[in-house]
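# Summary of the model geometry
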Amino acid sequence: TTISGGTANLNAGSNVTGAGTVQVSGGTLNVNAGTYAVTGATSVTGGTANFNSTASTGALSVSGGVLGGSGTLAVSGALTWTGGNMSGTAGTTTVNGGTISGTAPEGLHAGYTLTNTGTLVWTGAGTFFIYDSGVFSNAGTFDAQNDAVISYFSGPVGTINNSGTFKKTVGTGTTTVGTNVVFNNTGTVAAQSGTLSLNGGGTHSGDFTAATGATLGFGGGTHDLNAGTDVTGAGTVQVSGGTLNVN
């Protein structure tokens, strides 16, 4: 099924199911009520797909357009995100890992939350924008295999809440969580290759580690290392900006 133009409103009584693919390539799809339980895949290549109620899909692909709405989209399979935006006040997409990749930017903003519970691998040179109250909540593993930037664009700050493992494993350069992207850690942050630099401040009660030859950087904002925080490893901890409070 493909939505390529106009506005399609799925209201009470609607029923979208099946093992195939629902694709939004243009126009607007509003899932307002009813049942949206696709065991196959949902693909957003253009236009806007708003999930304003509880919905589920097997796999999710976003390469353009906007995935948004005020409801919750639960993805049981993998996310493939190569471009486009996730946007919408109080909206949430929960994914079981996948990939963020390519050279095009990806944007998480306008109060939208992306929650990861699996292994989510970030590759390529594209900038991952988190801004305007966008939230990335990592309860699984986020693996940065690049030298790229998680960046702010406009509006209120973006936020990363890490209760799982957030690590850099590939690249001899720097992976940066930029200014105005607050990083709060209650899990584990691991610099295993190159430099992992946190430049937006945050509140922490989890673990930080820097492997041999790697650098964990605190490059901006105010970072509060509170009770429960452990900083270990044979690598380097570098403070290049902002304030690091070891409380």
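Residues numbered from 1 in each chain as written. Predicted model: local features only at pLDDT ≥ 70, side-chain atom pairs only at ≥ 80, totals over all residues. Heavy atoms only, no water.

On to the overall build of the protein chain. The helix and strand inventory of the protein chain stands at zero helices and 34 strands. The globule rule puts the C-alpha radius of gyration for 247 residues at 18 Å, and the 19 Å found for the protein chain is close to it. With the principal axes as the frame, the protein chain shows a C-alpha extent of 55 × 30 × 30 Å. Within the protein chain, buried positions represent 49% of all 247 residues. (Helix = DSSP H or I, 4+ residues; strand = E, 2+ residues; numbered from the N terminus. Rg over C-alpha atoms; globule rule 2.2 N^0.38 Å. Buried < 20%, exposed > 50% of the residue type's maximum accessible area, 1.4 Å probe, protein only.)

This part is about the side chain of Thr-176. On the secondary structure map, Thr-176 appears in strand β24 (residues 174-177). For Thr-176, a relative accessible area of 15% corresponds to the buried category. Apart from residues lying up to four places away in sequence, Thr-176 is in contact with Ala-148, Val-149, Ile-150, Ser-197 and Asn-199. (Contact = heavy atoms within 4.5 Å.)

Summarising the sheet, strand β16 (residues 113-116) and strand β19 (residues 135-138) pair through four bridges and their orientation is parallel. Counted as the bridge partner of Asn-116 is Asn-138 from β19. As judged from the four bridges shared by β19 and strand β22 (residues 158-162), these two strands associate in the parallel manner. Bridging across to β22, Ser-137 finds its partner in Asn-161. (Pairing = 2+ DSSP bridges.)

With that settled, the discussion passes to the packing of aromatic side chains. Scanning the model with the defined rule gives twelve aromatic pairs in all. An angle of 65° between the planes, with centres 5.3 Å apart, marks the rings of Phe-136 and Phe-142 as edge-to-face. Overall, Phe-142 belongs to the buried group, its relative accessible area being 0%. One aromatic cluster is present, built from ring pairs that chain together Trp-81, Trp-122, Phe-128, Phe-136, Phe-142, Phe-166 and Phe-183. (Phe/Tyr/Trp six-rings, centres within 6.5 Å; stacked < 30°, edge-to-face > 60°.)

For the rest of this paragraph, the subject is unusual backbone geometry. Even without being a glycine, Ala-110 presents a positive backbone phi close to 60°. With respect to the helices and strands, the residue Ala-110 is situated in the loop between β15 (106-109) and β16. Assessed through its relative accessible area of 22%, Ala-110 is described here as partly exposed. Even without a glycine there, the phi angle at Asp-132 is positive, about 50°.

The next subject is the pattern of salt bridges. Pairing of side chains with opposite charge becomes possible as their charged atoms draw close. By the definition in use, this model includes one salt bridge. Residue Lys-168 is joined to Asp-147 by a salt bridge in which the shortest nitrogen-to-oxygen separation is 2.7 Å. With Lys-168 in strand β23 (residues 165-168) and Asp-147 in the loop between β20 (141-144) and β21 (149-151), the pair connects residues that are 21 residues apart, well separated along the chain. Take Lys-168: its relative accessible area is 0%, and that puts it in the buried class. (Salt bridge = Lys/Arg side-chain N within 4 Å of Asp/Glu carboxyl O.)

What follows is about the sheet that holds β24. Across the sheet, which stays open at both edges, the twelve strands sit in the order β2-β5-β7-β9-β12-β15-β18-β21-β24-β27-β30-β33 with parallel pairing between neighbours. The open sheet has two free edges, formed respectively by β2 (7-10) and β33 (236-239), since each of these has just one partner strand. This sheet shows a mean twist of 15° between the axes of neighbouring strands, independent of strand direction. Where strand β30 (residues 215-218) and β33 come together, four bridges link them in parallel fashion. Pairing of Thr-215 across the sheet is with Thr-236, part of β33. (Axes fitted to C-alpha atoms, helices over the stretch in contact; angles between N-to-C directions.)

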